Amino acid sequence: MRCVALPVTEENFEILGQVIKTPDVAVREPQLKGDGFYHHAELAFMDTHGPVEWGITTFSKRPMITETLEQHFGTPEMLLALDGPFVMPVAPKMLRDGKEVPDESKIFAIYVPQGVGVLFDEGQYHWAPFPLKEKSSVLVGFQPKTWEDNIVIRQLSEPVEIVLPVEANTDAEQGVI
């Protein structure tokens, strides 16, 4: 299966969670302003039923293909592109034979530009980000030790290959798609 990476938007990501990005001040007035700063509050909410662990994962460029997706039970997950854009396959969860599995009929790929984040609702499926630069880092937040003991990996019925729109191939390294 081939998925063209689409720029992440509030509309195409709403079945999985929330998009976090710097608002346009012409569209959304900051809640707090001061000498040399302004603050936009309440961009997203993350309820982990306890503390949030923050970490940074650095990914190396690799072929944009996967045969699996992962999910985390009982915790949302936030991924923020720190120093370069990334793409990743995502899918909503569904019940099959009493088990949560990825809804393979709804798999799609998102493009997340540098400085933008995605906040997955509990249990939604995704795979590790594929950076568009040789290496890039992603800020990751979820319940403590999720990386150690709360990763459920599901095999897909066919591999998913992520492709960039033709017009984006030359601009992807610069974070433009």
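Everything below is about the structure shown above.
Cut-offs used in this document
Residues numbered from 1 in each chain as written. Predicted model: local features only at pLDDT ≥ 70, side-chain atom pairs only at ≥ 80, totals over all residues. Heavy atoms only, no water. Helix = DSSP H or I, 4+ residues; strand = E, 2+ residues; numbered from the N terminus. Buried < 20%, exposed > 50% of the residue type's maximum accessible area, 1.4 Å probe, protein only. Contact = heavy atoms within 4.5 Å. 1 Å grid on protein atoms, 1.4 Å probe; cavity = no way out; pocket = protein on both sides within 12 Å on 5 of 7 lines; lining within 4 Å. Points joined across faces, edges and corners; volume = space filled by probe spheres on them. Nonpolar A, V, L, I, M, F, W, Y, C, P; charged D, E, K, R; others polar. Pairing = 2+ DSSP bridges. Axes fitted to C-alpha atoms, helices over the stretch in contact; angles between N-to-C directions. Polar contact = N/O pair within 3.5 Å; in protein donor to acceptor, adjacent residues only side chain to side chain.

J.: Even after reading the chapter, I still don't get the environment of G74, so can you show me in this structure?
T.: Within the secondary structure, G74 sits in the loop between β6 (65-71) and β7 (77-81). By relative accessible area, which is 32% here, G74 ends up partly exposed. With 72 residues separating them along the chain, G74 and R2 place their C-alpha atoms 30 Å apart. Sequence-distant contacts of G74, that is, excluding residues within four places in its chain, are made with H49, E122 and Q143.

J.: Honestly, the layout of surface pockets in this entry has me stumped. Any pointers?
T.: Over the atoms rolls a probe the size of a water molecule, and in doing so it shows where empty space is left. Each pocket or cavity is described by its volume, and for the largest pocket that value is around 240 Å³. T57, E77, V140, F142 and W147 are the residues nearest the centre of the largest pocket, which is lined by 17 residues in total. By residue number, the principal contributor to the lining of the largest pocket is strand β5 (residues 53-60), which donates six residues. Class assignment for the residues of the lining of the largest pocket results in 10 nonpolar, four polar and three charged.

J.: Whenever I open this one, the sheet that holds β5 confuses me. Can you help?
T.: Hydrogen bonds between backbone atoms are what pair the strands of a sheet, whose relative direction is either parallel or antiparallel. If you trace the five strands from one edge of the open sheet to the other, you get β2-β12-β7-β15-β5, paired in antiparallel fashion. Only two strands of the sheet have a single partner each, and these edge strands are β2 (17-20) and β5. Here the strands of the sheet are splayed against their neighbours by 20 degrees on average, with no regard to which way each runs. Summarising the sheet, β7 and strand β15 (residues 135-142) pair through four bridges and their orientation is antiparallel. Directly across from L80, in β15, lies its bridge partner L139.

J.: Mind showing me how you'd approach the side chain of T146 here?
T.: Within the secondary structure layout, T146 lies in helix α2 (residues 146-149). Note on T146: relative accessible area 1%, which makes it buried. Here the side chain of T146 touches Q143 through a polar contact of 2.7 Å, landing on its backbone oxygen. For T146, the residues in contact, after removing those within four places along its chain, are H72, T75 and I151.

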